[in-house]
Amino acid sequence: MYNDEDLVAKMVRNYCRKTQQGSWHKENLQGAIMAVLKGELGYMKASKIFSIPKTTLIRYVKKHKNFMMITFRLVIYTMATRESKKPKKKHVTLSVIQKLELIKKLEAGASVTSICVQYGIKKQTVSGIRKAKDKLTTFSLKYNVAANSKLSVGARKRMRVAKDTNLEEAVTKWFIHQRSCGNNIRGVEIQSAAVKLARDMGIDNFVASDGWLWRFRNRHGMCNKITTGEAGSPSTGELTV
């Protein structure tokens, strides 16, 4: 019969590995992976230099690439989400009267930064308005923007002019003359006068359409006032400045 000590002594054995599988170091594996990813070594050469089995190196390189791809996509998604959450800055377009006021403030010594904060615009916009000072001044004097600041002229955001400036000036002079005589001018009368003046000036293919009349009124700050006559009589559109 064996006692307990003899039984334990017979059960213990010294195991010796018969292969070198899995005997590489983690530092060697990491170095081989980085060398392959950077393109410095191929799989075969890296396997020999770092003593890593080729199949093992290929497997770990694939895992590393997949991890890098997932991380990259996650970063891109996070950045895109943050950008989408940012409130978009509203585009601000100043009217003609606001641009003239801005120029006056700059000439009075106001800083560009304070102007940008006050009007909610960028420095490039302020620079563009400053460069367009001469055009704004000419437009203001021509259409009397200061007097019509609350009407369509001062509220306009673009300095559009008529295609035929000579005809525009002729119709404007006719309108001012009629108003100085105390006449109430209707839209159809302006259209008729424009057609007659265009014919006298030799301008072909001119049509005084309702669209032309609407743009003419906007350029000169005119508005429609509807006056109602007696019961049953049609109302007439009266143009005033």
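All figures in this text were calculated on a predicted structure; none of them were measured in a lab.

Analysis parameters
Residues numbered from 1 in each chain as written. Predicted model: local features only at pLDDT ≥ 70, side-chain atom pairs only at ≥ 80, totals over all residues. Heavy atoms only, no water. pLDDT = per-residue confidence, 0-100. Helix = DSSP H or I, 4+ residues; strand = E, 2+ residues; numbered from the N terminus. Contact = heavy atoms within 4.5 Å. Buried < 20%, exposed > 50% of the residue type's maximum accessible area, 1.4 Å probe, protein only. Phe/Tyr/Trp six-rings, centres within 6.5 Å; stacked < 30°, edge-to-face > 60°. Expected span 1.5 Å × (residues − 1). Arc of directions from axis to C-beta. Core = buried A, V, L, I, M, F, W, Y, C linked by side-chain atoms within 4.5 Å. Patch = residues over 30% accessible without salt bridge, like charges linked within 9 Å, V, L, I, M, F, W, Y side chains within 5 Å. Areas by Shrake-Rupley, 256 points an atom, 1.4 Å probe, with all protein chains shown as cover. Salt bridge = Lys/Arg side-chain N within 4 Å of Asp/Glu carboxyl O.

**Let's talk about the confidence of the model for the protein chain**
Residues of the protein chain with pLDDT of at least 70 account for 72%, and the chain-wide mean is 77. Mean pLDDT across the elements of the protein chain bottoms out in strand 3 (residues 236-240) (43) and peaks in helix 11 (residues 187-200) (90). Segment residues 225-241: pLDDT under 50, and 37 contacts once partners within four positions in sequence are set aside and those in other chains are kept.

**A few points about unusual backbone geometry**
Residues other than glycine seldom take positive phi values, yet serine 51 does so here, at roughly 60°. Residue placement: serine 51 occurs in the loop between helix 3 (43-50) and helix 4 (54-85). In this model, asparagine 205 sits at a positive phi of 60°, which is unusual for a non-glycine residue. Within the element layout of this structure, asparagine 205 appears in the loop between helix 11 and helix 12 (210-219). We classify asparagine 205 as exposed; its relative accessible area is 82%.

**Concerning the environment of proline 53**
As for its placement among the helices and strands, proline 53 is situated in the loop between helix 3 and helix 4. On the basis of relative accessible area, proline 53 is assigned to the partly exposed category, the value being 35%. In this structure, the C-alpha to C-alpha distance between proline 53 and tryptophan 24, residues 29 residues apart in sequence, is 8.8 Å. Residues within four places of proline 53 in sequence aside, it is in contact with Trp24 and Ser47.

**A closer look at the packing of aromatic side chains**
Counted under the stated rule, the structure contains two aromatic pairs. Residues phenylalanine 206 and tryptophan 212 carry aromatic rings whose centres are separated by 5.6 Å and whose planes lie at 90° to one another, so their mutual orientation is edge-to-face. Among the residues examined, tryptophan 212 registers a relative accessible area of 10% and is labelled buried. Judged by centre distance (5.3 Å) and plane angle (15°), the ring pair of tryptophan 212 and phenylalanine 216 falls under stacked. Taken together, the residues tryptophan 212 and phenylalanine 216, both in helix 12 and four residues apart, mark about one turn of the helix. Take tryptophan 212 and phenylalanine 216: they sit in the same class, and that class is buried.

**Comments concerning helix 2 (residues 26-37)**
Here helix 2 contains twelve residues, and its C-alpha end-to-end distance of 16 Å stays within 8% of the 16 Å for a straight helix at 1.5 Å per residue. All of the buried residues along helix 2 are Leu29, Ala32, Ile33, Ala35 and Val36. Looking down the long axis of helix 2, one finds its buried residues gathered within 165° of arc, a one-sided arrangement. Among the exposed residues of helix 2, those oriented more than 90 degrees off its buried face are Lys26 and Glu27. Following helix 2 by one or two positions, glycine 39 has its phi on the positive side, about 85°.

**Quick look at the nonpolar core**
Among the nonpolar cores identified, the biggest contains 14 residues, and Leu102 and Val126 are the most heavily contacted of them. Counting only elements with at least two residues in this core, the list comes to helix 5 (96-107), helix 6 (112-119), helix 7 (123-131) and helix 8 (133-143). Contacts of valine 126, omitting those with residues within four sequence positions, involve Leu102, Leu106, Val112, Ile115, Cys116 and Ile121. One finds Val171, Phe175, Leu213 and Met222 within the second-largest nonpolar core, a separate group that totals twelve residues.

**Quick look at a nonpolar patch on the surface**
Taken together, the side chains of Met69, Phe72, Val75, Ile76 and Met79 define a hydrophobic patch exposed on the protein surface, amounting to about 490 Å² of accessible area. Tracing the chain through its elements places isoleucine 76 in helix 4. Look at isoleucine 76 and you get partly exposed, because its relative accessible area is 43%.

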